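What follows is the residue order along each chain.
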Amino acid sequence: MDRIDRINRSGRKRNSLTPRSTLFPCPSCQRDIDLGERGINGLFRNFTLETIVERYRQAARAAIAIMCDFCKPPPQESTKSCMDCSASYCNECFKIHHPWGTVKAQHEYVGPTTNFRPKILMCPEHEMERVNMYCEICRRPVCHLCKLGGGHANHRVTTMSTAYKTLKEKLSKDIEYLISKECQVKAHITQLDLLLKETECNSERAKQEASQSFEKLYCVLEEKKSAALRAIETSKNIRLEKLQTQVEEYQGLLENNGLVGYAQEVLKETDPSCFVQTAKQLHVRIQKATESLKSFRPAAETTFEDFVVDTAKQEDILGDLSFHSNGLGIPEINEEQSRMYNKTLISWECSGKTDSADIYVLEYHKLNKEEESVTWQKTEVCGKSKVLSDLDDDSSYAFRVRAYKGSICSPWSREVIMRTPPAPVFSFLFDDKCGYNNEHLQLNPRRTSVESRAGFPLLLGSERLQVGCFTTLDYIIGDTGIAKGKHFWAFNVEAYSYLVKVGVVPSSKIQKLFHNTSDVISPRYEQDSGHDSGSEDTFFDSSQPCTLVTLGMKKFFIPATPAAPKDPASRILPLPSCLGVCLDCDRGRVGFYDAGRMKCLYECEVDCSGLMYPAFALMGGAAVHLEEAVTAEDREYHDDI
């Protein structure tokens, strides 16, 4: 069976019913090739590779001359080789064998060489046919017989000249691309060299820490071993002493030794008074010795069963000891809890059951197509979030995080790409003085949220429905104006909001905004009210004193401008969870963004001749909440890890 396996692994198969065949992977396409009975004769010759090899061979043996094949001895050094005759000639022999005016004078000749390849590439399956087509399926040259009735009958083929031109262009472009990326390749090599050194250093540090861990275990075991051996030695000495004493006692019971011998001498006493004085105490001692003989018991145990060390539990623990038993989970960045606003908050969670990490390392880099190499910036974090304040505006960044416990680290988390706001964040609060209508609008104490009261004023105004009009919008602006530069702010609109307009208003038109002579405005003449009345185009830029877009009913309505799509449905987008406004006073442009993805939804021109204020308008049940700035303490906490 082993012999059969070796034969199969080597690619050779032979039995009594099938002819011998050889399988091996093609070095170009990696497909298994069966040479069959023709062997290597069934393969194309790679003339290009042969030419390259011969070119380097000639360079290697430049000092060794190729001699003429037709000179009489001694032969002369050849000066050229004929590819048609497959022979090398000196100048005189070449003139003799290739005279002017003959067919041989038209032969192709090159410098002295020993590599004579055929001028025409022949088909290996049809030896008398030259290849003149290229199979795009098999990616190999074929002849017309292969296409007509061979293995390429149903394949898509092209002419050899077309294939030559196409493949040469692709190869040239690929080579040019690789050459243009030489600096990038060198940078990658430099980075890999640094990684090699870092790997060496980290592995040595990991070895040292692992050795220290095991040394601690060794020390604990040595202490336990010494204590156990001392206890056994002490118990042994006590037992030996007891047994030795017992031996001496029993030796005294022997004749002519100890107690018996002493008693025999006492019996020789003839004086009664002296005998009685000694015999009483002696009799007590003999009685005790007699009783000990009747109930003999060793003074100490010989076994040390109480000193057996049970290490079964410790052996199981040590058996499970490995680098993967530390419970270190792979952290994952939480995109919902992460924010990019005035600062960047990156928050993550650990997928492991227990969070035993000592520290986390957060890495990030700016996505820049012009940079040849990627340089990750890293920061160490003790908690599960980090606030960054050094990121560029209007840029995309990639983030990843990993956990560390000693020298052990988890794999990197999945990379998360987030984009910063298109401009510095502009901070303001809602203005509760300029035109603020406290009967219709309600501000929270911090002036970061405004809500319209759809109560009695709206019910009273509903009588005007009989004449086709609604109550006016209630406007509110920011308490700080913008004179120049580029600024961005974001806010949230409650999903239940019926109608909200957001944008900017110049200081010159604030009076007109809050002191409109008409107390009713028909929605047919509201700039992009969301109603497809067909009259928004006529009143564009004339119905309102400020630049606003309309939100409501969980929708974002792109204003009906001449450049906007004519189909109303194409101008209605889902309302983002967070909306942003970017005002560029220098360019006179205002853009409205999906602040979650920092994607521009709509942009238009705006007159920035004076101070520009953020403007909001509400009607019916609606609420707007300004996005709160990210602070240094925001979500940055420390766990007991």
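Residues numbered from 1 in each chain as written. Predicted model: local features only at pLDDT ≥ 70, side-chain atom pairs only at ≥ 80, totals over all residues. Heavy atoms only, no water.

- An unreviewed UniProt entry annotates the chain as E3 ubiquitin-protein ligase TRIM36 isoform X2 of Geospiza fortis.
- Among the UniProt annotations of the chain, the heading Sequence similarities (unreviewed entry) holds the following wording: "Belongs to the TRIM/RBCC family."
- Quoted verbatim from the Subcellular location (unreviewed entry) field of UniProt, the annotation for the chain is "Cytoplasm, Cytoskeleton". (UniProt positions renumbered as here; feature names shortened; annotations may be inferred.)

### A short note on the pattern of salt bridges
Part 1: For the structure shown, the criterion picks out 18 salt bridges.
Part 2: One salt bridge connects Glu 628 with Arg 446, and the closest N-O pair in it is separated by 2.6 Å. Pair noted here: Glu 628 is in the segment after β33 (622-626) and Arg 446 is in the loop between β19 (441-443) and β20 (449-452), with a separation of 182 residues, a long-range link.
Part 3: The class for Glu 628 is partly exposed, based on a relative accessible area of 43%.
Part 4: Taking the shortest distance from any N to any O, the salt bridge between Arg 589 and Glu 605 comes out at 3.8 Å. Here Arg 589 is found in strand β30 (residues 589-594), whereas its partner Glu 605 is found in strand β31 (residues 599-605), with 16 residues between them in sequence. (Salt bridge = Lys/Arg side-chain N within 4 Å of Asp/Glu carboxyl O. Helix = DSSP H or I, 4+ residues; strand = E, 2+ residues; numbered from the N terminus. Buried < 20%, exposed > 50% of the residue type's maximum accessible area, 1.4 Å probe, protein only.)

### Some details on helix α8 (residues 272-294)
Part 1: Look at α8: 31 Å from first C-alpha to last across 23 residues, which is about the 33 Å you get at 1.5 Å a residue.
Part 2: Among the residues making up α8, those that are buried are Ala 279, Leu 282 and Ala 289.
Part 3: Where α8 is buried, its residues contact α7 (258-267). (Expected span 1.5 Å × (residues − 1). Contact = heavy atoms within 4.5 Å.)

### Considering the confidence of the model for the chain
Part 1: Residue-level pLDDT values for the chain average 79, and 76% of them are 70 or greater.
Part 2: Within the model, the stretch residues 465-470 combines pLDDT values under 50 with seven contacts to residues more than four positions away or in other chains.
Part 3: Overall, residues 517-542 carries pLDDT values under 50, and its contacts beyond four positions in sequence, including any with other chains, amount to 50 contacts. (pLDDT = per-residue confidence, 0-100.)

### Focus on the pairing of strand β15 (residues 385-388)
Part 1: Residue alternation in β15 divides its side chains into two sets, Ser 385 and Val 387 and Lys 386 and Leu 388, and both sets are buried.
Part 2: Sheet analysis places strand β12 (residues 344-350) next to β15, joined by four bridges and oriented antiparallel. When the sheet's bridge partners are listed, Ser 347 is paired in β15 with Ser 385. (Pairing = 2+ DSSP bridges.)

### Some words on unusual backbone geometry
Part 1: With an omega of -5 degrees, the peptide bond running from Pro 73 to Pro 74 counts as cis.
Part 2: Structurally, the position occupied by Pro 74 is in the loop between α2 (47-60) and β4 (80-82).
Part 3: At Asp 394, a residue that is not glycine, the phi angle is positive and equals roughly 55 degrees.
Part 4: When you line up the elements, Asp 394 lands in the loop between β15 and β16 (396-405).
Part 5: For Asp 394, a relative accessible area of 39% gives the class partly exposed.

### What to know about the state of the cysteines
Part 1: This structure, assessed with the given rule, holds zero disulfides.
Part 2: The thiol sulfur of Cys 135 is not disulfide-bonded, and the nearest other cysteine sulfur, from Cys 138, lies at 3.9 Å.
Part 3: A relative accessible area of 0% places Cys 135 in the buried class.
Part 4: Between Cys 600, a cysteine without a disulfide, and Cys 582, which holds the nearest cysteine sulfur, the sulfur-to-sulfur distance is 8.2 Å. (Disulfide = S-S within 2.5 Å.)

### Focus on the packing of aromatic side chains
Part 1: Scanning all chains against the criterion turns up 15 aromatic pairs.
Part 2: With 5.4 Å between their ring centres and 65 degrees between their planes, Phe 94 and Tyr 109 make a pair best called edge-to-face. Separated by 15 residues along the polypeptide, Phe 94 in helix α3 (residues 91-97) and Tyr 109 in strand β6 (residues 109-110) bring together distant segments of the chain.
Part 3: With relative accessibility at 47%, the residue Tyr 109 sits in the partly exposed group.
Part 4: Where Phe 592 meets Tyr 602, the ring centres are 6.1 Å apart and the plane angle is 20 degrees; that geometry is what we call stacked. Placement of the pair is Phe 592 in strand β30 and Tyr 602 in strand β31, with a sequence separation of 10 residues.
Part 5: Clustering of aromatic rings is evident, with ring pairs tying together Phe 70, Tyr 89, Phe 94 and Tyr 109.
Part 6: Over the ring of Phe 94 we find Lys 80, and its NZ or CZ is 5.1 Å from the ring centre.
Part 7: When the ring centre of Phe 304 is taken as origin, the NZ or CZ atom of Arg 239, which lies over that ring, is 4.3 Å away. (Phe/Tyr/Trp six-rings, centres within 6.5 Å; stacked < 30°, edge-to-face > 60°. Lys NZ or Arg CZ within 6 Å of the ring centre and 35° of its normal.)

### Considerations on the sheet that holds strand β5 (residues 87-89)
Part 1: The strand order β5-β4-β6 describes an open sheet built from three strands, whose pairing is antiparallel. Where the open sheet ends on each side, the last strands, each with one partner, are β5 and β6.
Part 2: The pairing of β4 with β5 spans three bridges and is classified as antiparallel. Looking at the pairing, Ser 81 lines up with Ser 88 of β5.

### Quick look at the nonpolar core
Part 1: Ranked by size, the top nonpolar core spans 48 residues in total, and within it Trp 489, Phe 491, Leu 583 and Phe 616 carry the most contacts.
Part 2: For this core, the leading source of residues is strand β23 (residues 486-493), giving five residues.
Part 3: Taken together, domain 3 (333-419) and domain 4 (441-464 + 471-515 + 545-626) each give at least three residues to this core, which thus spans both.
Part 4: Contacts of Trp 489, omitting those with residues within four sequence positions, involve Tyr 341, Phe 426, Phe 428, Ile 482, Gly 503, Val 504, Leu 579, Gly 580, Val 581, Leu 583, Pro 614 and Phe 616.
Part 5: By size, the runner-up hydrophobic cluster in this structure holds 19 residues, among which are Ile 333, Trp 348, Tyr 364 and Val 401. (Core = buried A, V, L, I, M, F, W, Y, C linked by side-chain atoms within 4.5 Å. Domains from an automatic or database assignment.)

### Structural notes on the layout of surface pockets
Part 1: Of the voids in this model, the second largest pocket is the one considered here, and its volume is about 710 Å³.
Part 2: Lining the second largest pocket we find 24 residues, and of these Leu 195, Glu 198, Glu 363, Lys 378 and Arg 402 sit closest to its centre.
Part 3: Within the residue set of the lining of the second largest pocket, elements represented by two or more residues are α6 (182-251), β13 (359-366) and β16.
Part 4: In terms of residue count, the dominant contributor to the lining of the second largest pocket is α6 (11 residues).
Part 5: Of the residues assigned to the lining of the second largest pocket, the class counts are nine nonpolar, eight polar and seven charged.
Part 6: Counting residues domain by domain, the lining of the second largest pocket receives three or more from each of domain 2 (169-320) and domain 3 (333-419). (1 Å grid on protein atoms, 1.4 Å probe; cavity = no way out; pocket = protein on both sides within 12 Å on 5 of 7 lines; lining within 4 Å. Points joined across faces, edges and corners; volume = space filled by probe spheres on them. Nonpolar A, V, L, I, M, F, W, Y, C, P; charged D, E, K, R; others polar.)

### Side note on the UniProt feature "coiled-coil region" (unreviewed entry) in the chain
Part 1: What UniProt calls "coiled-coil region" (unreviewed entry) maps, in this numbering, to residues 189-216.
Part 2: As annotated, residues 189-216 has a helix share of 100% and a strand share of 0%, and its two end C-alpha atoms lie 40 Å apart.

### Remarks on the side chain of Asp 584
Part 1: Residue position: Asp 584 is located in strand β29 (residues 579-584).
Part 2: At a separation of 3.3 Å, a polar atom in the side chain of Asp 584 contacts the main-chain amide nitrogen of Asp 586.
Part 3: Discounting residues that sit within four places of it in the chain, Asp 584 has contacts with Gly 485, Lys 486, Arg 589 and Cys 608. (Polar contact = N/O pair within 3.5 Å; in protein donor to acceptor, adjacent residues only side chain to side chain.)

### Some words on the environment of Gln 442
Part 1: Counting through the fold element by element, Gln 442 comes out in strand β19.
Part 2: Accessibility expressed as a relative area gives 38% for Gln 442, which makes it partly exposed.
Part 3: Placed 181 residues apart in sequence, Gln 442 and Ala 623 show a C-alpha to C-alpha distance of 9.3 Å.
Part 4: Once you skip the residues sitting within four places of it in the chain, Gln 442 turns out to touch Tyr 436, Ser 449, Val 450, Glu 451 and Arg 453.

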